[in-house]
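Listed below are the residues making up each chain.
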Amino acid sequence: MKILIAEDEIELQNSIVTYLERDGNVCESASDYYEALYKIDLYEYDLLVLDINLITGSGLDILKVLKKNKSQTPVIIISANNSLDDKLEGLDLGADDYLTKPFHLAELNSRIKAVLRRGKFGGTERIEFNEISIDTNSRTAYVDNSPIVLTRKEYDLLLFFITNKGRVLSKEIIAEHLWGDHSDLADNFDFIYVHINNLRKKLTETGGKYIKTAYGSGYKFMED
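Fair warning: this is a prediction, and the values are worked out from it, not measured in the lab.

Participant: Help me understand helix α3 (residues 59-68), please; the structure alone is not making it clear to me.
Facilitator: The periodicity of an α-helix, 3.6 residues per turn, causes residues three or four places apart in sequence to face the same way. Those residues of α3 that fall on the buried side of the exposure criterion are G59, L60, I62, L63 and L66. For α3, the angular spread of buried residues about the axis comes to 155°, placing them on one side. Buried residues in α3 make contact with α2 (33-42), β3 (47-51), β4 (53-54), β5 (57-58), β6 (75-79) and α4 (84-92).

Participant: Please clarify how the packing of aromatic side chains should be interpreted in this entry.
Facilitator: Describing an aromatic ring pair means giving the distance of the ring centres and the angle of the ring planes. Under the criterion given, the structure shown has 5 aromatic pairs. Look at F161 and F221: their rings are 6.0 Å apart centre to centre, the planes differ by 20°, and that puts the pair in the stacked class. Highlighted residues: F161 in helix α6 (residues 152-162) and F221 in strand β14 (residues 218-221), separated in sequence by 60 residues. Taken individually, F161 and F221 each receive the classification buried, so the pair is uniform in this respect. Here the guanidinium or amino end of K2 rests over the ring plane of Y45, the centre of that ring lying 4.7 Å away. It is R126 that lies over the ring of Y142; its NZ or CZ is 4.8 Å from the centre.

Rules and cut-offs
- Residues numbered from 1 in each chain as written.
- Predicted model: local features only at pLDDT ≥ 70, side-chain atom pairs only at ≥ 80, totals over all residues.
- Heavy atoms only, no water.
- Buried < 20%, exposed > 50% of the residue type's maximum accessible area, 1.4 Å probe, protein only.
- Helix = DSSP H or I, 4+ residues; strand = E, 2+ residues; numbered from the N terminus.
- Arc of directions from axis to C-beta.
- Contact = heavy atoms within 4.5 Å.
- Phe/Tyr/Trp six-rings, centres within 6.5 Å; stacked < 30°, edge-to-face > 60°.
- Lys NZ or Arg CZ within 6 Å of the ring centre and 35° of its normal.

Read these as layout, nothing more, since geometry by itself doesn't imply function.
Below is the structure:
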């Protein structure tokens, strides 16, 4: 999953990023209010971890912007403030969970998985699309109930396709989702074709047929 960490305590920010990336996520970070707003406006994320007390602004104001824009991005608030009023305001503004500092990174990770299960994954750890299924807990994919061996990026790509089925995804969007800020270093996005071609082969004719090329636009995952 692609996650934005909006946290102004740099040591904590780095710890969260390192821990979540070790679990297979792509993480980007923002250290103040304006950087967080800029990235939320520019990129799409599967989840936002948001500190209330950001430098130059309040995380609650970011929640208000998300609500105004009818954003569907799940949000977990992290804050040193244990005030009930702040918790209630954050949840009323649309936050999905609230975690008080200090906390264990393992607990944050578990809450992230729970929020994603309830939202993107329909309340389950297993996602299915016709003959294809994905166990998000073990990060294993199956075709006709037979496991297939995927690289980390191939797995992330398949999950991104299935959770965005029917939507045209440009090479730029795919690269940004899978590589985060590092995608800006690429001269072109031809490497996306290589990953998609490899994924199609591993899904075999049975599953690979659902990855359609939208000529001049990108790719779409849809019924045959």
